[in-house]
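In case you want the letters, here they are:
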Amino acid sequence: MPSADRTHQCDFAEPRIVVALDFASAGQALDLVDRLDPARCRLKVGKELFVRAGPELVKRLVDRGYSVFLDLKFHDIPNTVAGACRAAADLGVWMVNVHALGGKEMLEAARRAIDSDSQRPLLIGVTILTSHDTQSLGEIGLQGDPLVAVGRLAELTQRTGLDGIVCSAQEASGLRVRFAKDFRLIVPGIRVLGAQADDQRRVVTPAAAVAAGADYLVVGRPITQAADPLQALSVLEQEMRSVRRRLD
Ligand code: C5P
């Protein structure tokens, strides 16, 4: 492990695992949520579930005591994104995200829209989607190594006052050392050793993600498809804690 990783110590007093509710209906999502515990995990609501179940479901999850990451990746003109972020804050979500490719003005407008709230959501930037490679980025006019673009957009995100970024564990290890500890890195693509990768091209263990500098781990199918979701959560938590002990 690079020595810089040792400076990064997660505080595990708060839940670090964010369960991705990738379901097609509120009923399916609530069936799972009934088997989870807001003291042990947070929840992520993405585009499919939001389009199907809407703000009502988000409010229900918040009312049940869950911290909700509204993963809608806003990207539009500054005024429109500002309004969407304001609406997300009014729902009481814990975290919301926007595309850094929307540019400085859009990012600043998003931040200003929620700034005055005493309990505002964390505002997170999406840099380059991990589904892109060098060729597909070139096709949209972004030449060069995707990692360089990720770094540039992460810096823009930080400079415009956002609270962190979504990134892969592979990106996290290089980014962690460039930013202060309070710039959150949110990392998906997590699997315990030996688990199936599903459609993820590259997966990392919870331990490796934390060692790379992740603050929050986004986990979907390993928990949502488990026979015992809380037990699956425990296994992931234990792995995260083992890294912390090593860092201590
Ligand atoms: O089921 P699984 O753990 O693979 O789900 C991962 C979650 O993280 C999904 O909601 C997916 O959309 C999200 N995500 C991802 N890779 C990214 C960004 C988000 O897997 N680069």
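Not measured: the values here are computed from a predicted model.

Procedures and definitions
- Residues numbered from 1 in each chain as written.
- Predicted model: local features only at pLDDT ≥ 70, side-chain atom pairs only at ≥ 80, totals over all residues.
- Heavy atoms only, no water.
- Near = heavy atom within 4 Å.
- Polar contact = N/O pair within 3.5 Å; in protein donor to acceptor, adjacent residues only side chain to side chain.
- Areas by Shrake-Rupley, 256 points an atom, 1.4 Å probe, with all protein chains shown as cover.
- 1 Å grid on protein atoms, 1.4 Å probe; cavity = no way out; pocket = protein on both sides within 12 Å on 5 of 7 lines; lining within 4 Å.
- Sits in = over half its atoms within 2 Å of the grid points.
- Helix = DSSP H or I, 4+ residues; strand = E, 2+ residues; numbered from the N terminus.
- Nonpolar A, V, L, I, M, F, W, Y, C, P; charged D, E, K, R; others polar.
- Phe/Tyr/Trp six-rings, centres within 6.5 Å; stacked < 30°, edge-to-face > 60°.
- Buried < 20%, exposed > 50% of the residue type's maximum accessible area, 1.4 Å probe, protein only.
- Lys NZ or Arg CZ within 6 Å of the ring centre and 35° of its normal.
- Pairing = 2+ DSSP bridges.
- Axes fitted to C-alpha atoms, helices over the stretch in contact; angles between N-to-C directions.
- Right-handed = clockwise from strand over helix to strand, strands pointing away.
- Expected span 1.5 Å × (residues − 1).
- Contact = heavy atoms within 4.5 Å.

### Here's the deal with the site of the ligand
Every residue close to the ligand is listed here: Ala 20, Asp 22, Lys 44, Thr 130, Pro 188, Arg 191, Gln 200, Val 218, Val 219, Gly 220, Arg 221 and Pro 222. Take Asp 22: an N or O atom from its side chain is 2.7 Å from an oxygen atom of the ligand. For the ligand, the accessible surface in isolation is 460 Å², of which the surrounding protein chains cover 81%. Given that more than half its atoms are within 2 Å of the pocket grid, the ligand belongs to the largest pocket. Elements supplying a minimum of two residues to the shell around the ligand: strand 8 (216-219) and helix 9 (221-224). Here the residues of the shell around the ligand are counted per class, giving 5 nonpolar, 3 polar and 4 charged.

### A short note on the packing of aromatic side chains
Taken as a whole and judged by the stated rule, the model has 2 aromatic pairs. Taking the centre distance of 4.6 Å and the plane angle of 35 degrees together, the rings of Phe 179 and Phe 183 count as tilted. In this pair, the class of Phe 179 matches that of Phe 183, namely buried. The ring centre of Tyr 216 lies 5.2 Å from the NZ or CZ of Arg 16, which sits over that ring. One cation-aromatic arrangement involves Arg 42 over Trp 94; the distance from NZ or CZ to the ring centre is 4.2 Å.

### Structural notes on the sheet that holds strand 8
Read around the barrel, 8 strands follow the order 1-2-3-4-5-6-7-8 and close on themselves; strand pairing throughout is parallel. Each neighbouring strand pair of the sheet contributes to a mean axis angle of 25 degrees, computed without reference to strand direction.

### A few points about the pairing of strand 4 (residues 95-99)
Buried residues dominate strand 4, accounting for 5 of its 5 residues. Here strand 4 shows a buried face lined by Met 95, Asn 97 and His 99 and a second buried face lined by Val 96 and Val 98. Sheet topology places strand 3 (residues 68-74) next to strand 4; 3 bridges connect them, and they run parallel. Residue pairing for strand 4: Phe 69 is matched across the bridge by Met 95. What joins strand 3 to strand 4 is helix 3 (residues 78-91), and the crossover it makes is right-handed. Both strand 4 and strand 5 (residues 122-126) contribute to a ladder of 5 bridges, which runs parallel. Following the sheet pairing, His 99 is matched in strand 5 by Val 126. The β-α-β motif built from strand 4, the intervening helix 4 (residues 104-115) and the parallel element strand 5 has right-handed crossover chirality.

### With respect to helix 6 (residues 146-159)
End to end, helix 6 covers 20 Å across 14 residues, agreeing with the expected 20 Å (1.5 Å per residue, within 8%). Within the sequence span of helix 6, burial applies to Pro 146, Ala 149, Val 150, Gly 151, Leu 153, Ala 154, Leu 156 and Thr 157. Summarising the contacts, the buried residues of helix 6 are in contact with helix 4, strand 5, helix 5 (134-139), strand 6 (164-166) and helix 7 (169-176). The distance from a side-chain oxygen at the start of helix 6 to the backbone nitrogen of Leu 147 is 2.9 Å, and the residue carrying that oxygen is Asp 145. Among the residues trailing helix 6, Gly 161 stands out with phi positive, at a value near 90 degrees.

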